[in-house]
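# Coordinate inspection notes
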Amino acid sequence: MTGLREVAIGQTFETVVVEDLKRTQIVQYAGASGDYNPLHTDEIYTTKIAGYPSVFAHGMLTMGLTGQAIAGLVGPENLLRFGVRFTAQVWPGDTLAVRSSVARIFEDDGAPVAEFSVSTVAQSTANGEGREVMSGYAHARLAR
Amino acid sequence: MAAGRFPVEAGHVLAFGRALGLDQGLPRIGDVAPPTFAIASAQFDPHYPLRPRPGGAWHGSGGDAGLVTERAGGLHGEQHFVYHRPVRVGDVMVGTTRPGEEWEKHGRSGRLRFREQITEFRDEAGELVVTARSVSVQREAS
């Protein structure tokens, strides 16, 4: 069983989950998820009709990439809860980094569970510092 | 999200994983699916609105740039999953969606309407596997 054995409150982890996001990856996600909203894949519709500067990623692509990072950290079978708010759009060209930190450790059904606070940040050539695009939490059972 | 039968198929999990940047072989029966895989139940929802249908109207570009629709204004605001157990390749789940709470906020750019939807996914034994809660945000003229 994969997973974390020992974590400490305040411990932080950072993973880059995509670099220079390509429109093609957004198309892949549309096809696999079944969400064909043209705002994500149809540049003509999105710029001329909907009035955005370009297509943008599905929130669920960002959540999916973030979820993979969290699952890799805690072991996919140990994930108990995962929830997010989408706070800003993710654009083609963005590089996404997932920052997670151990917010608390508690007992659930007699087993130790770690709560992580999760923040996914987009960086692009246009913004050096980056901007938060998604924030949330994950609960994971700890290995004993 | 899905209402109806949702088989967790290896090829589907493979394609979904690739879209998330994974470079893996075909998953095997029993492998754990990515944490957000339940959202792909949209593929099995016969009434999912964000998929073009043969002969149906579609708001994306073709010969022209497309159509303004109400649907275009709704954005995904929040998504939450509770895992009662992991979703595994080979599971056959049934999703049942019900409306949750609705609320409004008045922001700088007008009135925002939030709508919650809750989908319970159960396995063939009727046991809960995943509970998904999504919140959509629609901007409305104030």
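Scope of this entry: the structure provided in the associated data block. No experiment lies behind these values; they were computed from the predicted model shown.

Looking only at helices and strands, one finds one helix and five strands in chain B. When the helices and strands of chain B are read in sequence order from the N terminus, they spell out β-α-β-β-β-β. With respect to the three principal axes, the spread of C-alpha positions in chain B is 50 × 40 × 30 Å. Expressed as a percentage of its 142 residues, the buried residues of chain B come to 28%. Taking the intrachain contacts of chain B between residues at least 6 apart in sequence as the baseline, contacts between residues at least 24 apart amount to 69%.

Next up on the list: the interface of chain A and chain B. On the side of chain B, 36 residues touch chain A, which itself brings 39 residues to the contact. Counting residues per element, the ones that place at least two in the side of chain A that touches chain B are β1 (12-18), α1 (23-33), α2 (43-49), α3 (59-74) and β2 (79-86) of chain A. In terms of residues, the side of chain A that touches chain B owes the most to one element, α3 of chain A, which gives nine residues. Of the residues belonging to the side of chain A that touches chain B, the class tally is 22 nonpolar, eleven polar and six charged. Across five bridges, β2 of chain A lies against strand β2 (residues 74-83) of chain B in antiparallel orientation. The residue of β2 of chain B that forms the bridge with Phe 82 of chain A is Phe 81 of chain B.

Moving on: the nonpolar core. Counting 59 residues, the largest nonpolar core has Ile 70 and Leu 79 of chain A together with Ala 38, Val 87 and Val 130 of chain B as its most contacted members. Broken down by element, this core gets its largest block of residues, nine residues, from α3 of chain A.

So, on to helix α1 (residues 10-19) of chain B. Three or more residues of α1 of chain B are buried, namely His 12, Val 13, Phe 16, Gly 17 and Ala 19 of chain B. For α1 of chain B, the angular spread of buried residues about the axis comes to 155°, placing them on one side. Its buried side turned inward, α1 of chain B meets α1 of chain A. Downstream of α1 of chain B by one or two residues, Gly 21 of chain B has phi in the positive range, about 85°.

Let us now look at the packing of α1 of chain A against α1 of chain B. The geometry of α1 of chain A relative to α1 of chain B is characterised by a closest axis approach of 8 Å and an angle of 155° between their N-to-C directions. Taken together, the axes of α1 of chain A and α1 of chain B lie roughly antiparallel to each other. For α1 of chain A against α1 of chain B, the interelement crossing comes out left-handed. Residues Gln 25, Gln 28, Tyr 29, Gly 31, Ala 32 and Ser 33 of chain A of α1 of chain A form the contact with α1 of chain B, whose participating residues are Ala 15, Phe 16, Arg 18 and Ala 19 of chain B. Looking at the contact of α1 of chain A with α1 of chain B residue by residue, the class counts come to five nonpolar, four polar and one charged.

Okay, α1 of chain A next. All of the buried residues along α1 of chain A are Ile 26, Tyr 29, Ala 30, Ala 32 and Ser 33 of chain A. As for α1 of chain A, its buried residues are in contact with α3 of chain A together with α1 of chain B. Phi turns positive, to about 90°, at Gly 34 of chain A, one or two residues after α1 of chain A.

Another aspect to go through is unusual backbone geometry. Residue and element names in this part refer to chain A. For Asp 20, which is not glycine, the phi torsion reads 50° and is therefore positive. If you trace the backbone, Asp 20 turns up in the loop between β1 and α1. Classification of Asp 20 as exposed rests on a count of 11 C-beta atoms within 10 Å. A positive phi angle is found at Asp 109, which is not glycine, with a value near 55°.

It is worth spelling out the environment of Tyr 83 of chain B at this point. The residue Tyr 83 of chain B is located in strand β2 in this model. Residue classification places Tyr 83 of chain B among the buried residues on the basis of 23 C-beta atoms within 10 Å. Taking the C-alpha atoms as reference points, Tyr 83 of chain B and Phe 121 of chain B, separated by 38 residues in sequence, lie 9.9 Å from one another. Excluding its chain neighbours within four sequence positions, the residues that come into contact with Tyr 83 of chain B are Leu 79, Leu 80 and Arg 81 of chain A together with Val 130 of chain B.

Examined bridge by bridge, β2 of chain B and strand β5 (residues 128-140) of chain B share nine bridges and lie antiparallel to one another. Residue pairing across strands places His 80 of chain B opposite Arg 133 of chain B, the latter belonging to β5 of chain B.

About the thresholds
- Residues numbered from 1 in each chain as written.
- Chains lettered and ligands numbered in written order.
- Predicted model: local features only at pLDDT ≥ 70, side-chain atom pairs only at ≥ 80, totals over all residues.
- Helix = DSSP H or I, 4+ residues; strand = E, 2+ residues; numbered from the N terminus.
- Buried ≥ 20, exposed ≤ 12 C-beta atoms within 10 Å, placed from the backbone.
- Contact = placed C-beta atoms within 7 Å.
- Nonpolar A, V, L, I, M, F, W, Y, C, P; charged D, E, K, R; others polar.
- Pairing = 2+ DSSP bridges.
- Core = buried A, V, L, I, M, F, W, Y, C linked by C-beta atoms within 7 Å.
- Arc of directions from axis to C-beta.
- Axes fitted to C-alpha atoms, helices over the stretch in contact; angles between N-to-C directions.
- Parallel < 35°, antiparallel > 145°, perpendicular 65-115°, else oblique.
- Left-handed = near helix turned anticlockwise from the far one by under 90°.

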